[in-house]
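# Working through the structure, step by step
Take a look at the letters that make up each chain.
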Amino acid sequence: MGIEDKMSSDLSAFETRLSKLAPAEALDGSMLMFRAGQAAGARTRRRWQMLTAAAVCLAAGTAMLSMIRPRTQIVERLVYVRHESLSPVPYRPVAAAADLEPVESLWRRGEVSEFSYFRLRQQVLEYGLSALPTSPAGSGGPQDTRRLMDELLHGGNVNGWQPI
Amino acid sequence: MKDGHQDLAQWFEAHSRPLALYARQWLDDHATADVVQEAFLKLLGQKRRPNNVRAWLFRTVRNAALNELRRRRTRIQHAQAIAVNRPEWFQQHLDDALDAQAAQEALKQLPPEQSELIVMRIWGHLTYEQMAEVAGEPLSTVHGRYVAAIESLRRKMVTPWESKTK
């Protein structure tokens, strides 16, 4: 026999009569539904508020971090470095311009090449451009220029050039 | 919970009156409405639906009502407030076998631990196991207390002559 059955018939009948009484209405259903809607809206709003608060906290934290972080300090200090002193370059005095012998006298004495700048200049001044020597066949321009420069710098003869 | 508002309307229709009657064992009319409303809203806010919604609602209302009762400063003040505010607990119909006002008075005279069991059983349709769970008492204690309560209520409401003729 279950616990549900341990009731006398009188008590069971009284229970049945008692259950016929209907409890009075105590609540406004529309008010409850209104509050349920409010609560649902509040949940959505709370979610957005939490997101906003999290973003604000993140921004504030970043700002604080940038303020707290130590700035780069410029430290000035003297540093002594030991190094082997280089041997001094021996002084070679440059000859004074007045001590140099004029180039024309060198040329006249035959110590300057026939193709030297000064000689060519002299020829052009005396006989015109047609007096300039022609380059031998097969020789290129840049090579001629190089030879001329070598001659100019070193005063040597250039192979393949013939004096006019 | 999905379709929460539809479910809420159904639960409200099915359980709001017994729950209000249950809360009235401890609270006045205004506080009763608040407590029951909060219970429904709390149910709506649950992520998972309770296994037994009815028992869950009764337990929630009970806890809220007792908390509200503790919150009030003294029981004397509370009793005075209830005496001033006398809502009708039952709807009176002409074909009712019992007098609604008499039932209300008889229930009020019972100790709260007895009257709450009667409300849970008669109008809440809870099983003894569910009643024991809500009241936080052993099953045998709840059963014995319920039988004592219903006998006491019957003595208060039914005259000896009436009990013999029925």
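See the structure above.
Parameters and conventions
- Residues numbered from 1 in each chain as written.
- Chains lettered and ligands numbered in written order.
- Predicted model: local features only at pLDDT ≥ 70, side-chain atom pairs only at ≥ 80, totals over all residues.
- Helix = DSSP H or I, 4+ residues; strand = E, 2+ residues; numbered from the N terminus.
- Buried ≥ 20, exposed ≤ 12 C-beta atoms within 10 Å, placed from the backbone.
- Contact = placed C-beta atoms within 7 Å.
- Axes fitted to C-alpha atoms, helices over the stretch in contact; angles between N-to-C directions.
- Parallel < 35°, antiparallel > 145°, perpendicular 65-115°, else oblique.
- Left-handed = near helix turned anticlockwise from the far one by under 90°.
- Nonpolar A, V, L, I, M, F, W, Y, C, P; charged D, E, K, R; others polar.
- Expected span 1.5 Å × (residues − 1).
- Core = buried A, V, L, I, M, F, W, Y, C linked by C-beta atoms within 7 Å.
- Domains from an automatic or database assignment.

## Looking at the overall build of chain B
- Looking only at helices and strands, chain B features 9 helices and 1 strand.
- Overall, chain B shows an N-to-C arrangement of helices and strands of α-α-α-α-β-α-α-α-α-α.
- Buried residues in chain B amount to 34% of all 166 residues.
- Relative to all contacts within chain B whose residues are 6 or more apart in sequence, the contacts with residues 24 or more apart total 67%.

## Quick look at the packing of helix 2 (residues 29-68) of chain A against helix 2 (residues 29-44) of chain B
- For the pair helix 2 of chain A and helix 2 of chain B, the least separation of the axes is 10 Å and the interaxial angle reads 40°. The orientation of helix 2 of chain A relative to helix 2 of chain B falls into the category oblique. In this structure, helix 2 of chain A crosses over helix 2 of chain B, and the sense of that crossing is right-handed. Every residue of helix 2 of chain B that contacts helix 2 of chain A at Leu32(A), Arg35(A), Ala36(A) and Ala39(A) is listed here: Gln37(B), Phe40(B), Leu41(B) and Leu44(B).
- Considered class by class, the residues forming the contact of helix 2 of chain A with helix 2 of chain B number 6 nonpolar, 1 polar and 1 charged.

## Description of unusual backbone geometry
All names here are of chain B.
- Positive phi outside glycine occurs at histidine 125, with the angle close to 55°.
- Secondary-structure assignment places histidine 125 in the loop between helix 6 (112-123) and helix 7 (128-135).
- We classify histidine 125 as partly exposed; it has 13 C-beta atoms within 10 Å.

## Let's talk about helix 2 of chain B
- The end-to-end C-alpha distance of helix 2 of chain B is 23 Å, a good match for the 22 Å that 16 residues give at a rise of 1.5 Å each.
- Every buried residue of helix 2 of chain B is listed here: Ala31(B), Thr32(B), Ala33(B), Val35(B), Val36(B), Gln37(B), Ala39(B), Phe40(B) and Leu43(B).

## Let's talk about the nonpolar core
Residues and elements named next belong to chain B.
- Counting 46 residues, the largest nonpolar core has Leu19, Ala23, Val35, Val36, Ala39 and Val61 as the members making the most contacts within it.
- Of the residues forming this core, the biggest block, 7 residues, is contributed by helix 2.
- Looking at this core, you find at least three residues from each of domain 1 (1-87) and domain 2 (92-166).
- Setting aside chain neighbours within four positions, we find alanine 39 in contact with Leu19, Leu57, Thr60, Val61 and Ala64.

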